[in-house]
Amino acid sequence: MKQEYFERKGNALYCEGVGLREAAEKFGTPLFIYSAAHIKERYRNFEEALKGYPHHICYAVKACSNIHILELFAHEGSGFDIVSGGELQRVKEAGGDTKKCVYAGVGKSAEEIESAVKAEILYFGVESVPELERINAIAAKLGRVARIALRVNPDVDAHTHDYITTGKSENKFGLTADKAEEILKGFSEKYKNLKAVGLQVHIGSQITETKPYKTAVLKAAEFVLKLRSQGTELKYFDIGGGLAIVYKDEDPATPAELVKEVLPIISELGMTFVCEMGRYMVGNAAMLVTKVEYVKENPDKTFVIVDAAMNDLIRPALYEAYHEIAAVEDKAETFVCDVVGPVCESADFFRKDMTLPKVGEGDLLAVCSAGAYGFTMSSNYNSRNRAAEVLVEGDEMTLIRRRETYEDQLNCEKTCR
Ligand SMILES: *Cc1c(COP(=O)(O)O)cnc(C)c1O
């Protein structure tokens, strides 16, 4: 399997020591099932690659923000890359160290900034001048000094899907180097309650090669030298996130390979290495287990209709993303079919024209590589309850999010009566 901690034993699929059938029977479907060992291993791969060099590894919370998953990262000593006040709240709830948080995003609200200043986060990744002014004013009001890192858009093509590329000049993210330079001139006089501590580049997601990283880091390094000549010293060099995982037949660079390419450049500058991986850490940590409701035979197509839908995992509908689908129990025969959900949209499919073991009503399927941007992008569309989540550690499984109820869904409306 492409997911190291999922394997076939006998004729059935397991996550570590837990059978997917057993988990589904206990907690129902659709069900996200995560391997704790996978997450820890992924985090440690980065630690190992950076050993002996000043570094700060952040986990990008938006990839999978369940507080029990965040707890795993907190126990490893990880920092967190957050993009909202809600994510900051989750980090706190999980016992994460808010002083190790970096905060990205183009639209931080005043309330969000205030809570992050109070939580003494490591730095704000600043994306515009008005934002800088707002953070300065809020820090002044609170009598604090907030740390910031300028997010520079290196105008690099990460060769990934258009919707997940962020480092090109046409994207909404970051500042141009010229603008950043202008901001940093006379910075301490202009922004008395801010301290500029770093530079950040984040060029996109699901990046398989080291080359776009190297190009971006080289550009940013040149910029650091220029700033130095003007008297600005920065501590943190933040390469962003984006390292790819295997969904199909990709051959992504490993953390060791990535670090080998870019660390010499950063080390030459004497700066602390920061990264903010999300997908790499959790993408292949989970499968989405779903039950077959019906097999519908049309004259020219067979549809396997399952109880999970685009509201549970939107990546195929949104990005035309590929997800492998496996039958939880082996079957003797196969057939060609579309695997679709019950939502009233033609985009509600997981795979089209795939060869699948010949499953029938009540059989279980696993949608693979569902750990990143899976549950976190799920919704209540069609008034469907969001799925439950289970964390596996060895032979033990723990419910880490109970299935929603209709009452949960209606609550925010009924309380307005
Ligand atoms: C989304 C995001 C990440 C994580 O991206 P992955 O592709 O999941 O690694 C890191 N940094 C920033 C600023 C982001 O917006």
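Remember, predicted model here, so these are calculated numbers, not experimental data. (Residues numbered from 1 in each chain as written. Predicted model: local features only at pLDDT ≥ 70, side-chain atom pairs only at ≥ 80, totals over all residues. Heavy atoms only, no water.)

Novice: What's the story with the sheet that holds strand β5 (residues 55–60) in this structure? I'm lost.
Specialist: In sheet architecture, strand pairing relies on hydrogen bonds along the backbone and comes in two forms, parallel and antiparallel. In spatial order, the strands read β5-β6-β7-β8-β9-β10-β11-β12; together these eight strands close into a barrel with parallel pairing. Here the strands of the sheet are splayed against their neighbours by 30° on average, with no regard to which way each runs. Across three bridges, the pairing between strand β11 (residues 236–238) and strand β12 (residues 272–277) is parallel. Its bridge partner lying in β12, phenylalanine 237 is registered against phenylalanine 273. The strands touched by helix α4 (residues 85–93) within the sheet are β6 (79–82) and β7 (101–103), with β6 carrying the most contacts at an inclination of about 160°. (Pairing = 2+ DSSP bridges. Helix = DSSP H or I, 4+ residues; strand = E, 2+ residues; numbered from the N terminus. Axes fitted to C-alpha atoms, helices over the stretch in contact; angles between N-to-C directions. Contact = heavy atoms within 4.5 Å.)

Novice: Could you clarify how one ought to interpret the pairing of β12 in this entry?
Specialist: Of all six residues in β12, six are buried; the element is thus mostly enclosed. On β12, burial covers both faces: Thr272, Val274 and Glu276 on one face and Phe273, Cys275 and Met277 on the other are all buried. Where β5 meets β12, five bridges bridge the pair, whose relative direction is parallel. Paired with histidine 55 across the bridge in β12 is phenylalanine 273. Between β11 and its parallel partner β12, the chain crosses via helix α10 (residues 255–268), and the hand of that crossover is right-handed. (Buried < 20%, exposed > 50% of the residue type's maximum accessible area, 1.4 Å probe, protein only. Right-handed = clockwise from strand over helix to strand, strands pointing away.)

Novice: Whenever I open this one, the site of the ligand confuses me. Can you help?
Specialist: Every one of the 15 residues lining the ligand counts as a neighbour, but Lys62, Ser205, Gly242, Glu276 and Tyr373 are closest to it. In the model, an oxygen atom of the ligand is placed 2.3 Å from a nitrogen or oxygen of the serine 205 side chain. Contact with the protein chains covers 94% of the free accessible surface of the ligand, which is 390 Å². When atoms are counted within 2 Å of each cavity's grid points, the one that captures over half of the ligand is the largest pocket. Class assignment of the residues belonging to the shell around the ligand gives a composition of four nonpolar, six polar and five charged. (Near = heavy atom within 4 Å. Polar contact = N/O pair within 3.5 Å; in protein donor to acceptor, adjacent residues only side chain to side chain. Areas by Shrake-Rupley, 256 points an atom, 1.4 Å probe, with all protein chains shown as cover. 1 Å grid on protein atoms, 1.4 Å probe; cavity = no way out; pocket = protein on both sides within 12 Å on 5 of 7 lines; lining within 4 Å. Sits in = over half its atoms within 2 Å of the grid points. Nonpolar A, V, L, I, M, F, W, Y, C, P; charged D, E, K, R; others polar.)

Novice: What is the right way to read the pairing of strand β8 (residues 123–126) from this model?
Specialist: It is a general feature of regular strands that their side chains alternate between the two faces of the sheet. Alternating positions in β8 separate into two faces, Tyr123 and Gly125 on one and Phe124 and Val126 on the other, with burial throughout. Sheet topology note: the β7/β8 ladder contains two bridges and is parallel. The residue of β8 that forms the bridge with tyrosine 103 is phenylalanine 124. Note on the crossover from β7 through helix α5 (residues 110–118) to β8: the handedness is right-handed.

Novice: Explain empty space enclosed by the protein here, please?
Specialist: Over the atoms, a rolled probe matching the size of one water molecule traces out where space is still vacant. Taken as a whole, this structure holds one cavity of 30 Å³ or more when the rule is applied. Empty space within the largest cavity amounts to approximately 50 Å³. Around the largest cavity sit Met1, Lys2, Gln3, Tyr247, Met287, Glu324, Cys368 and Ser369, which together line it. (Points joined across faces, edges and corners; volume = space filled by probe spheres on them.)

Novice: Help me out: how do you make sense of the layout of surface pockets in this one?
Specialist: When its volume is computed, the largest pocket comes out at roughly 760 Å³. Along the walls of the largest pocket sit 43 residues, with Ala60, Lys62, Val83, Glu87 and Tyr373 positioned nearest its centre. At the level of secondary structure, the elements contributing two or more residues to the lining of the largest pocket comprise α3 (67–76), α4, β12, α11 (279–282) and β20 (396–401). Counted by class, the lining of the largest pocket contains 17 nonpolar, 14 polar and twelve charged residues. If you count residues domain by domain, the lining of the largest pocket takes at least three from each of domain 1 (6–35 + 283–414) and domain 2 (65–277). (Domains from an automatic or database assignment.)

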